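# Results of the structural survey
Residues per chain, in single letters:
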Amino acid sequence: MVKPQHLLAATGITAAAIIAFFIFFQSDTAKIKKCFSTLSAQAEKSGDEHDLAAAVTARKIESLFAETVRIEIPSYDIDQTLPHSEISSHVLYARSQYRDISLKFYDFQIEFPEEGAARVTLTGILKATTRAGERVEETHEAECELKKVEDTWLLTGVKGVDVLEK
């Protein structure tokens, strides 16, 4: 005969195991979306920030990139490959041009062409205010390449996609 205490304990353990599974196990798709969510959160800026805080933020953003990253944005005539060591300086410079920044990503289409590699097509919306007080609102389609390094997805390429406007 099964005692009610044993049944209650077994149910509690099962529920805890299911909850732990969903908290600690993330699919590769969820990990990739989290990478972009982290990038979005770290890109945020509102008002002036101390140089030390800006450097810490730049380092956090740098940690999302692989040893080298290829950036191609035809609409801005950018086509370069950056080593990991130069990413934070580019981030610092770009963020210093604005008083406030908001960067959001939408419409994720994630493909896994091979083991340990991902291609993500997404829409990025940038809203910012320049140091001169001008509002900037841009929407871009991008194709990003990522590779999996020790269970972490890192960006290896970002390519701007030209979209025809109506």
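Just above sits the structure.
Below you will find a few notes about this structure. All residue numbers here refer to positions counted from 1 along the written sequence of the relevant chain. Local features in a predicted model are, by the rule used here, given only for residues with pLDDT of at least 70; side-chain atom pairs are given and counted only at 80 or more, and totals for whole chains, interfaces and linings are based on all residues. Excluded from the side-chain calculations are hydrogens and water; all other atoms, namely the structure's heavy atoms, are used.

## Things to note about the pattern of salt bridges
Filter applied, for reference: The salt bridge criterion pairs a side-chain nitrogen of Lys or Arg with a carboxyl oxygen of Asp or Glu, the two atoms within 4 Å. Helix and strand definitions here come from DSSP, where helices need a minimum of 4 consecutive H or I residues and strands a minimum of 2 consecutive E residues; each element is numbered from the N-terminal end. For the exposure calls, accessible area comes from a 1.4 Å probe over protein chains only, and a residue counts as buried if that area is under 20% of its type's maximum, exposed if over 50%, partly exposed in between.
A full pass over the atoms with the stated rule returns 12 salt bridges. Among the ionic pairs, Glu 62 bridges to Arg 59, the shortest N-O distance being 2.9 Å. Highlighted residues: Glu 62 and Arg 59, both in helix α3 (residues 51–62), separated by 3 residues, approximately one helical turn. Since its relative accessible area comes to 5%, Glu 62 is described here as buried. Classification of Arg 59 as exposed rests on a relative accessible area of 54%. Across the salt bridge formed by Glu 72 and Arg 70, the nearest N and O atoms sit 3.7 Å from each other. Overall, Glu 72 belongs to the partly exposed group, its relative accessible area being 22%. Within this structure, Asp 28, Lys 31, Lys 148 and Asp 151 form a network of salt bridges that share partners.

## Looking at the packing of aromatic side chains
The condition is simple: The criterion for an aromatic pair is that two Phe, Tyr or Trp rings (for Trp, the six-membered ring) have centres within 6.5 Å, with stacked assigned to planes under 30 degrees apart, edge-to-face to planes over 60 apart and tilted to the rest.
For the coordinates displayed, the defined rule picks out 3 aromatic pairs. Between Phe 112 and Trp 153, the aromatic rings sit 5.9 Å apart at their centres with planes inclined by 55°, giving tilted as the arrangement. Here Trp 153 lies in strand β7 (residues 152–161) and Phe 112 lies in strand β4 (residues 98–114), a separation of 41 residues in the sequence. Owing to a relative accessible area of 39%, Phe 112 belongs among the partly exposed residues under this scheme. Ring pairing ties together the aromatic residues Phe 36, Phe 105 and Phe 108, which thus form one cluster.

That is the geometry; function is a separate question.
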